[in-house]
Amino acid sequence: MPYVVRGQTRETPDTVTLVLSPGPGAEPHPFAPGQFNMVYVFGLGEVAISISGDAEQPDRLVHTVRAAGKVTHALTEMTSGSTVGVRGPYGAGWPLSKVRGKDVVIVAGGLGLPPLRPAVYEMLRQRDAYGRIEIIYGSRSPRDLVYYEEIQGWRALPGLRFQTTVDTAGRDWYGDVGLVTARLPDARFDPPNTAAFLCGPEIMMKLTAQALTARGVPEDSIFLSLERNMKCAVGICGHCQFGPEFVCRDGPVFPYSEIRRFLAVREV
Amino acid sequence: MNRNHASRDGVRLADHPFVKDLPAALVASMSRIAVERSFETGELLLREGEPAREFLLIVDGKVALEVATPERPRLTIQTVGPGEVLGWSWLTFPYHWRLDARALKPTHAFSVDSDRLRTFLNEDPANGFQFLLHLLPVIAQRLENTQFQLLDVHGS
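Residue numbers here run from 1 along each chain, matching the order of that chain's written sequence. Each chain takes a letter, starting from A, and each ligand takes a number, starting from 1, following the order in which they are written. Residue-level local features of this predicted model are given only where pLDDT is at least 70; pairs of side-chain atoms are given and counted only at 80 or more, and the full residue set underlies all totals for whole chains, interfaces and linings. Only hydrogens and water are removed before side-chain values are computed, so all heavy atoms of the structure are retained for them.

Peer 1: Give me the overall build of chain B: which residues, what numbers.
Peer 2: Strands are runs of DSSP state E lasting at least two residues, helices are runs of H or I lasting at least four, and both sets are numbered from the N terminus onward. Along chain B, the regular secondary structure elements total 3 helices and 9 strands. From first element to last, N terminus to C terminus, chain B shows the α and β order β-β-β-α-β-β-β-β-β-β-α-α. For the C-alpha atoms alone, the extent of chain B along its principal axes is close to 50 × 30 × 25 Å. Contacts in chain B between residues at least 24 apart in sequence constitute 78% of all its contacts with a sequence separation of at least 6. With 17 positive and 20 negative side-chain charges, chain B shows a spacing of 2 Å between the two charge centroids. Contacts are assigned to residue pairs that have any heavy atoms within 4.5 Å of one another. In summary, the charge assignment counts Lys and Arg as positive and Asp and Glu as negative, without counting His or the chain termini. Charged groups are reduced to one reference atom each: NZ for lysine, CZ for arginine, CG for aspartic acid, CD for glutamic acid.

Peer 1: Pulling in residues and values, what's your account of the interface of chain B and chain A?
Peer 2: At the interface, 22 residues of chain B touch 23 residues of chain A. Buried area counts how much accessible surface, traced with a 1.4 Å probe, disappears from two parts once they are put together, with both parts' losses summed. Summing both partners gives a buried area of about 2100 Å² for chain B against chain A, and 54% of it is carried by carbon and sulfur. Taken as a group, T76, F148 and H154 of chain B account for 32% of the area that chain B buries against chain A, more than any other trio of residues on that side. Salt bridge, as applied in this entry: a Lys or Arg side-chain nitrogen positioned within 4 Å of an Asp or Glu carboxyl oxygen. Put simply, chain B and chain A have 3 salt bridges between them. Here R171 of chain A ties to E66 of chain B by a salt bridge, and the two come within 3.3 Å at their closest N and O atoms. Pairs of N or O atoms are called polar contacts if they sit within 3.5 Å, as long as, within protein, a hydrogen donor faces a hydrogen acceptor (for residues adjacent in sequence, only side-chain-to-side-chain pairs). Linking chain B with chain A are 8 residue pairs in polar contact (both at pLDDT 80 or more).

Peer 1: Which residues make up the domain arrangement of chain A, and what values go with them?
Peer 2: Accessible area lost on assembly of the parts is the figure often given for the size of an interface. All names here are of chain A. Its domain assignment divides chain A into domain 1 (2-90) and domain 2 (96-225). Marked domain ranges trace back to an automatic or database domain assignment. For domain 1 versus domain 2, the separation of C-alpha centres amounts to 24 Å. Each partner contributes to the roughly 1300 Å² buried at the junction of domain 1 and domain 2, and carbon and sulfur atoms together form 58% of this total. Contact with domain 2 buries area across many residues of domain 1, yet E11, P33 and S52 alone supply 30% of it, more than any other trio. Across the domain 1-domain 2 interface, the total number found is 1 salt bridge. For D54, the salt bridge goes to R125, with nearest N and O atoms at 2.9 Å. Applying the counting rule to domain 1 against domain 2 returns 4 residue pairs in polar contact (both at pLDDT 80 or more). Contributions of two or more residues to the side of domain 1 that touches domain 2 are made by β1 (2-12), β2 (15-22) and β5 (61-66). In terms of residues, the side of domain 1 that touches domain 2 owes the most to one element, β5, which gives 4 residues. When residues are grouped by polarity, Ala, Val, Leu, Ile, Met, Phe, Trp, Tyr, Cys and Pro land in nonpolar, Asp, Glu, Lys and Arg in charged, and all others, Gly among them, in polar. Partitioning the side of domain 1 that touches domain 2 into residue classes produces 6 nonpolar, 8 polar and 4 charged.

Peer 1: Help me get a handle on the sheet that holds strand β3 (residues 36-41) of chain A, residues and values and all.
Peer 2: Residues and elements named next belong to chain A. In short, DSSP must find at least two bridges between two strands for them to pair. Strands sit in the order β4-β3-β6-β1-β2-β5 across an open sheet of 6 strands; the sheet is antiparallel. Strands with a single pairing partner mark the edges of an open sheet, and in this sheet they are β4 (45-50) and β5. Across the sheet, the mean angle from the axis of one strand to that of its neighbour is 40°, orientation sign disregarded. Looking at chain direction, β1 and strand β6 (residues 83-90) are connected through 3 bridges and run antiparallel. Note on β6: the bridge partner recorded for Y3 is V84. An axis is simply a line fitted to the C-alpha atoms; with a helix, the fit covers only the stretch in contact. Between two such axes, the angle follows the N-to-C directions and lies from 0 to 180 degrees.

Peer 1: Give a description of the pattern of salt bridges that names residues and reports values.
Peer 2: Residue and element names in this part refer to chain B. Scanning the entire structure with this criterion turns up 20 salt bridges over all chains. With a shortest N-O distance of 3.2 Å, R118 and D115 are connected by a salt bridge. Remark: D115 and R118 occur in helix α2 (residues 114-123); sequence separation between them is 3 residues, near one turn of the helix.

Peer 1: Report on the sheet that holds strand β8 (residues 133-139) of chain A, specifying residues and quantitative values.
Peer 2: All names here are of chain A. Read across the sheet, 7 strands follow the order β10-β9-β8-β7-β11-β12-β15 without closing on themselves; strand pairing throughout is mixed. Since the sheet does not close on itself, it has two edges, and those belong to β10 (176-177) and β15 (253-255), each with one partner. In this structure, strand β7 (residues 103-109) lies alongside strand β11 (residues 194-199), joined through 6 bridges in parallel fashion. Counted as the bridge partner of V105 is A196 from β11. Strands in contact with helix α2 (residues 113-125) are β7, β8, β9 (160-166) and β11; relative to β7, the strand with the most contacts, it is inclined by about 155°. Taken strand by strand, helix α3 (residues 148-155) contacts β8 and β9, and its axis lies near 140° from that of β9.

Peer 1: Summarise the pairing of β2 of chain A; cite the residues concerned and give the values.
Peer 2: Residue and element names in this part refer to chain A. Each residue's exposure class comes from its accessible area (1.4 Å probe, protein chains only) as a fraction of the maximum for that residue type: buried when under 20%, exposed when over 50%, partly exposed otherwise. Most of β2 is tucked away, with 8 of its 8 residues classed as buried. Sheet topology note: the β1/β2 ladder contains 8 bridges and is antiparallel. Within β2, the residue paired with V5 across the bridge is L20.

Peer 1: An account of the environment of T83 of chain A is needed here, citing residue identities and associated values.
Peer 2: All names here are of chain A. Here T83 shows up in strand β6. For T83, a relative accessible area of 37% translates into the label partly exposed. For the pair T83 and A214, spaced 131 residues apart in sequence, the C-alpha separation works out to 48 Å. Those residues in contact with T83, other than ones at most four positions away along the chain, are P2, Y3, V4 and F42.

Peer 1: Requested: an account of the side chain of T76 of chain B, with residues and values cited.
Peer 2: The residue T76 of chain B is located in strand β7 (residues 72-80) in this model. Excluding its chain neighbours within four sequence positions, the residues that come into contact with T76 of chain B are D167, T168, A169, G170 and V177 of chain A together with A64, L65 and E66 of chain B.

Peer 1: Could you give an account of unusual backbone geometry, with specific residues and numbers?
Peer 2: Omega for the bond connecting G88 of chain A with P89 of chain A falls within 30 degrees of zero, at 0°, which places this linkage in the cis form. Of note, P89 of chain A is situated in strand β6. Here the residue pair F93 of chain B and P94 of chain B is connected by a cis peptide bond, since its omega of 10° sits within 30 degrees of zero. Residue position: P94 of chain B is located in the loop between β8 (85-86) and β9 (100-113). One non-glycine residue with positive phi stands out, namely D21 of chain B, at about 75°. Mapping D21 of chain B onto the fold places it in the loop between β3 (11-12) and α1 (24-32). A relative accessible area of 73% means that D21 of chain B is categorised as exposed. In this model, Y95 of chain B sits at a positive phi of 60°, which is unusual for a non-glycine residue. Structurally, the position occupied by Y95 of chain B is in the loop between β8 and β9.

Structure representation (structure tokens):
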């Protein structure tokens, strides 16, 4: 379906958030937080990109894209009025209905925050349905942090703590430097009644899941969003196979209890 | 600022998370040779190359561990906060700091005389081993942090 670029925000030197709306003949398509779209740049190719906007506004499709290859590079250079192809949404999203009534710990690394943002919007909209919300966001450096202004707004909300940490920083950074797991001891939650949503580099998610289970969070209450090379997005081509699962069709969000053993395998 | 007793605003060195579960006799010995120190924002707690003469247990505030190279600005590689400890160069020869540590905000810490602490640990290997078991996770976390930085997982 054709979608038209309506706005773009440069988040970091190599990362842009695009706002798309349905083009001629296209209809808005509802999505669930955690799902992704296949975005096509005409003449170049197609990439899987998670949806990072508000699920309550399906006519305003938001994707945050880092320039990593020729297609994503082209997307970060798009100007208003440009047209892209969109098919989707695909995949299983964050199980928000399953975690109602619980404290929620969200841990994002790098561009792991955009797929989690729709879940945060949903929880904030139904704030009373959830307990404490603890968000830990790790990034390479202060200049690689996305959604800076919006995060400042979240920090001011009661019952929500947002911690940021980076891998390295210069002297102008007064925040934390170190692993996201080093910030977990500061997070307040009731482990047996806590769910966790993790998205980011796989090694970061693995260490975080281990730290959470060590603190008493049940394995089946920890959910990870995996990233694999997705091509068809409908579970046919096998590019994104992860053990017995297809990340595009069965994921990208999986319970830690189901995939823990595969995270320890070198070649999956 | 230094004060010669190991209790700050009712907080005793014995209450610090690092010494919890250490043998009581060792904690008592550490308390006797500890002073409290305060650091203003921007003040250096440790300076690379200088003799490592103290073991710092952070009570509140935040400290940046910095490395300096001639061709680039100082880089913060880790921050340390309340309940954490700072510095183990005093345990290994030649007992010189290998990093700078700078307060990112007003910081208070217990400072244990590391020459005397090392003597305690040498004279009582059982206590020394227990101390090392407490320090090892701190070192392991620093190594893990370094691994992440080398892998550049967020940038790849």
